[in-house]
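Take a look at the letters that make up each chain.
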Amino acid sequence: MMQQIDRGIFYEDAYPGVTVGAIILPQGTLLVDAPLRAEDARAWLSLLYNQGSRSNRVLVNLDAHPDRSLGARSMECTIIAHQKTAQVFRGRPSIFKGQNAESGSEWETYDEMVGTRWALPDITFTQRLTIHWGDPEIIIDHHPGAAPGGVWVMVPAAKVVFVGDVVLPNQPLFLTNADIPAWIESLDVLLAHYRDYAIISGRGGQVPVELVLKQQQHLKHITKGLERLAKRNAPVEAVEDLIPGLLNDLTFDPESKETYTHRYRHGLYQYYARRYRPSDLITE
């Protein structure tokens, strides 16, 4: 069900994929991420139309993850992304081929997503982009960690911030392209400057500050486990031993256990190989 955070500011966390957001401004609508499936994109745009949104709109990709970027073409609008997110798109085939199956991503549940044509960003930036479409001012800021091109969308006047996968409530983190030290720094920024904001996760809607703190501890737990493996020069397969303890940090539906195990197996393998044993890294 669509949630209203403030006047003209909404999010919807009922669609498969990611939590999507929208900020309806006097001169247009800023969309935060896209529903994964085309039918959900149409439904989302229809809901926003009923709230006063019209055809003048732009979409912000909070990072390059397929769950939030595969559906961008269905939004039929200008796309904004960080320069590093655009670089990821340039390195992909123009048609999505479903690489990295069993990565614990949402798109894997929907076979029809394979064969989707990517929509490339039209506008890119390096650090900060400000949008003035009438009050309130919108700030799009670079905050790496969960992804190299990760950005937040902020509405300072309403004290709202969309943070993407930087904070995920009670589910495994996506580590494949992560930088955990930078991620922890981004959470420090969130706790220092946005504690009194409505913090909207990219997968799960609004989250309390306590969950941000819990996530920071979870990232430190991951780092300690990987460093223990690295000290004994353990092979990449040894990351499997970390998964039960990491899942015990989380509270989730037992039906999700297999998917979440896949997510951590894939992410830990890629992260450990990239950071500690690059000669073992398998690229796809």
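Residues numbered from 1 in each chain as written. Predicted model: local features only at pLDDT ≥ 70, side-chain atom pairs only at ≥ 80, totals over all residues. Heavy atoms only, no water.

Asks: Lay out the pattern of salt bridges in plain terms, naming residues and giving numbers.
Replies: This model, assessed by the stated rule, comprises eleven salt bridges. A salt bridge links Arg203 to Asp165; its shortest N-O distance comes to 3.0 Å. Of this pair, Arg203 sits in the loop between strand 12 (198-201) and strand 13 (205-207) while Asp165 sits in the loop between strand 11 (160-164) and helix 4 (180-193), and the two are 38 residues apart along the sequence. We classify Arg203 as buried; its relative accessible area is 7%. In this structure Asp165 comes out as buried when scored by relative accessible area, which is 5%. (Salt bridge = Lys/Arg side-chain N within 4 Å of Asp/Glu carboxyl O. Helix = DSSP H or I, 4+ residues; strand = E, 2+ residues; numbered from the N terminus. Buried < 20%, exposed > 50% of the residue type's maximum accessible area, 1.4 Å probe, protein only.)

Asks: A description of the packing of helix 4 against helix 5 (residues 209-231) should follow, citing residues and the corresponding values.
Replies: Running from amino to carboxyl end, helix 4 crosses helix 5 at an angle of 160°, the nearest separation of the two axes being 10 Å. As summarised for this structure, helix 4 and helix 5 are arranged roughly antiparallel, according to the angle between their axes. Considering the relative orientation of helix 4 and helix 5, their crossing is left-handed. Seen from helix 4, the contacting residues are Ile180, Trp183, Ile184, Leu187, Asp188, Leu190 and Leu191; seen from helix 5, they are Val209, Val212, Leu213, Gln215, Gln216, Leu219, Lys220, Ile222 and Thr223. Grouping the amino acids of the contact of helix 4 with helix 5 by side-chain chemistry returns eleven nonpolar, three polar and two charged. (Axes fitted to C-alpha atoms, helices over the stretch in contact; angles between N-to-C directions. Parallel < 35°, antiparallel > 145°, perpendicular 65-115°, else oblique. Left-handed = near helix turned anticlockwise from the far one by under 90°. Contact = heavy atoms within 4.5 Å. Nonpolar A, V, L, I, M, F, W, Y, C, P; charged D, E, K, R; others polar.)

Asks: Summarise the sheet that holds strand 8 (residues 128-131); cite the residues concerned and give the values.
Replies: Pairing is mixed across the open sheet formed by six strands, whose spatial order is 8-9-10-11-12-13. Single-partner strands in this sheet number two, and they are strand 8 and strand 13. The sheet shows a mean angle of 25° between the axes of neighbouring strands, taken without regard to direction. By the bridge criterion, four bridges tie strand 9 (residues 138-142) to strand 10 (residues 151-155) in an arrangement that is antiparallel. The residue of strand 10 that forms the bridge with His142 is Val151. Against the sheet, helix 4 makes contact with strand 10, strand 11 and strand 12, and its axis sits at roughly 10° relative to strand 10, the strand it touches most. (Pairing = 2+ DSSP bridges.)

Asks: Outline unusual backbone geometry, listing residues and values.
Replies: At the junction of Asp135 and Pro136, the peptide bond is cis and its omega measures out at 0° in the coordinates. Turning to its location among the elements, Pro136 is positioned in the loop between strand 8 and strand 9. Non-glycine residue Asn170 carries a positive phi angle of around 50°. Structurally, Asn170 is set in the loop between strand 11 and helix 4.

Asks: A description of the nonpolar core should follow, citing residues and the corresponding values.
Replies: By size, the foremost hydrophobic cluster in this structure holds 46 residues, and its most contacted members are Leu175, Leu190 and Leu268. By size, the runner-up hydrophobic cluster in this structure holds 24 residues, among which are Ile23, Phe125, Phe162 and Ala198. (Core = buried A, V, L, I, M, F, W, Y, C linked by side-chain atoms within 4.5 Å.)

Asks: Before we move on, can you summarise the sheet that holds strand 6 (residues 78-82) with the specific residues and values?
Replies: Neighbouring strands of a sheet are bound in pairs by backbone hydrogen bonds; such pairs are parallel or else antiparallel. What the seven strands build is an open sheet, ordered 1-2-3-4-5-6-7; its pairing is mixed. One side of each edge strand has no neighbouring strand; the edge strands of this open sheet are strand 1 (3-6) and strand 7 (123-125). For this sheet the average axis-to-axis angle between neighbouring strands, irrespective of direction, equals 20°. Bridge analysis of strand 5 (residues 57-60) against strand 6 gives three bridges, and the strand direction is parallel. Bridge pairing in strand 6 places Val60 opposite Ile80.

Asks: Lay out the packing of aromatic side chains with the relevant residues and their values.
Replies: In total, this model carries six aromatic pairs according to the counting rule given. Aromatic side chains Phe252 and Tyr260 sit 5.2 Å apart centroid to centroid with 70° between the ring planes, which places their arrangement in the edge-to-face category. A residue is classified by how much of its surface remains accessible, and Phe252, at 24% relative accessible area, is partly exposed. Considering the side-chain rings of Tyr272 and Tyr276, the 5.4 Å spacing of their centres and the 35° angle between planes classify their relative orientation as tilted. Taken together, the residues Tyr272 and Tyr276, both in helix 7 (residues 257-276) and four residues apart, mark about one turn of the helix. Here Tyr272 falls in the buried class, since its relative accessible area comes to 1%. Take Tyr276: its relative accessible area is 30%, and that puts it in the partly exposed class. (Phe/Tyr/Trp six-rings, centres within 6.5 Å; stacked < 30°, edge-to-face > 60°.)

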